[in-house]
Amino acid sequence: MVINLYETIKAHPEYFKQLSCKELLFTQYDCPQADKMQSLYSQNNFIAWVVSGKRTFYQPGYTIEMIAGKCVFAKKGGWLAEKEPGDGWCVIVFFIPDNYLKQFIKEYRNSLPLKKMQQETTRQIIELDVNETTKQFFQSMIPYFTQNPPPPENLLELKFRELVFNLLINPVNTSLLQYASSMADADKISLQEVMEANFTYNLSLSAYATIAQRSLASFKREFTTVFHTSPGKWLLNKRLDYARMLLTTSNHTVNDISFESGFENTTHFSRVFKEKFGSSPLRFKKQPAGITR
């Protein structure tokens, strides 16, 4: 099962310490992940700063070790999280809807170093540099989560603007600045970018539509126009091709590859893989270079 992190946090304030301000959601929590590997997604972008402990985030083609002091900006979408045996993980997360980030960029564009940006990164999770100012900001936020009464919304928004501004003017964080600037200038998020970045997660079509900021009906219509096939057929073929690549290039088990490729279970994966490639995944993996006979 793929967990919607944003909705799970909102639904359980008794476990996830949280503060809200307009469209923004601030939270601090000790991660309750039970399984060694968990698939998650969020329909909102977020900034995460690790207070203590460790998790490992996986996305197709790269790995990020989320250890104490690590800070990332995650575009809305999915990721895999691996838990170390017996290892806790405390994190502060700031969820940011696209509309808020777009307005922020438009408001402060003249104060941002946009002329020295590097080429935009295509990664879903952008690693961020944390200078001493930003580190002190995160540490100063921790008492707010237990303050009674909670801080007023106008103070929270000021604090959040302080965080985003400090991250964006840091010359090391040009990837974040490039992404935020290009998003602010776009009419809507690219459906192709959403699907290419998230096809390995076993999400419902409604979840894909939410991430792409479209109604389900609009998502289906536009999908057919862009990809010339149905979402179900496209997802199946993309996942099978990705699984075939993993079978020939990695040492992962068939069960792990099924999970990492977005299939609901290994039985279904094995059946559809054999239908397309004429061989079971296990047999395919054992043969030289994945050649079937």
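A brief report on the enclosed structure follows. All of these numbers come straight from a predicted model, not from anything done at the bench. (Residues numbered from 1 in each chain as written. Predicted model: local features only at pLDDT ≥ 70, side-chain atom pairs only at ≥ 80, totals over all residues. Heavy atoms only, no water.)

### What about the packing of helix α3 (residues 132-141) against helix α4 (residues 153-169)?
For any two helices packed against each other, the geometry is given by the interaxial angle and the distance between the axes. For the record, the criterion: Axis definition: a line fit to C-alpha positions, over the contact stretch in the case of helices; interaxial angles, taken between N-to-C directions, run 0 to 180 degrees. The helix count covers DSSP runs of H or I at least four residues long, the strand count covers runs of E at least two residues long, and both are numbered beginning at the N terminus. Here the angle decides the label: under 35 degrees means roughly parallel, over 145 means roughly antiparallel, 65 to 115 means roughly perpendicular, and every other value means oblique. By convention the crossing between two helices is left-handed if the near helix lies anticlockwise of the far one by an angle smaller than a right angle, and right-handed if it lies clockwise. Note on definitions: a residue-residue contact is assigned when non-hydrogen atoms from the two residues lie within 4.5 Å. Each residue is assigned to one of three groups, with Ala, Val, Leu, Ile, Met, Phe, Trp, Tyr, Cys and Pro labelled nonpolar, Asp, Glu, Lys and Arg labelled charged, and all others, Gly among them, labelled polar.
It is the contact of α3 with α4, at a shortest axis distance of 10 Å, that shows an interaxial angle of 155 degrees. With respect to α4, the element α3 is oriented roughly antiparallel. Here α3 runs over α4; the crossing is left-handed. Residues T133, T134, F137, F138, S140 and M141 of α3 pack against K159, E162, L163, N166 and L167 of α4. In terms of residue class, the contact of α3 with α4 is built from five nonpolar, four polar and two charged.

### Comments concerning the environment of Q213
To keep it simple, the criterion reads: Exposed residues in this analysis have more than 50% of their type's maximum accessible area, buried residues have under 20%, and partly exposed residues fall in between, with area computed by a 1.4 Å probe over protein chains only. Pairing of N or O atoms within 3.5 Å defines a polar contact, subject to two protein rules: one partner must be a possible hydrogen donor and the other a possible acceptor, and residues neighboring in sequence count only if both atoms are side-chain atoms.
By the secondary structure assignment, Q213 is in the loop between α7 (205-211) and α8 (216-227). Judged by relative accessible area, Q213 falls into the partly exposed class, the value being 41%. Residues Q213 and I125 lie 88 residues apart in sequence; the distance between their C-alpha atoms is 19 Å. Residue contacts for Q213: discarding those within four places in its chain leaves K76 and D98. Within the structure, the side chain of Q213 is placed 3.4 Å from the side chain of D98, a separation counted as a polar contact.

### Focus: the layout of surface pockets
Rule in force here: In this analysis, the protein atoms alone were mapped onto a 1 Å grid. Cavities are point sets where a 1.4 Å probe fits without being able to get out; pockets are open sets with protein on both sides within 12 Å along at least five of seven lines; lining residues have an atom within 4 Å of a point. Grid points are joined across faces, edges and corners, and a volume is the space filled by probe spheres set on the points.
Space inside the second largest pocket adds up to approximately 390 Å³. The set of elements that each furnish at least two residues to the lining of the second largest pocket consists of β5 (45-59), β6 (62-67), β8 (77-83), α9 (231-249) and α10 (254-260). Each residue belonging to the lining of the second largest pocket can be placed in one class, and the counts come to ten nonpolar, five polar and four charged.

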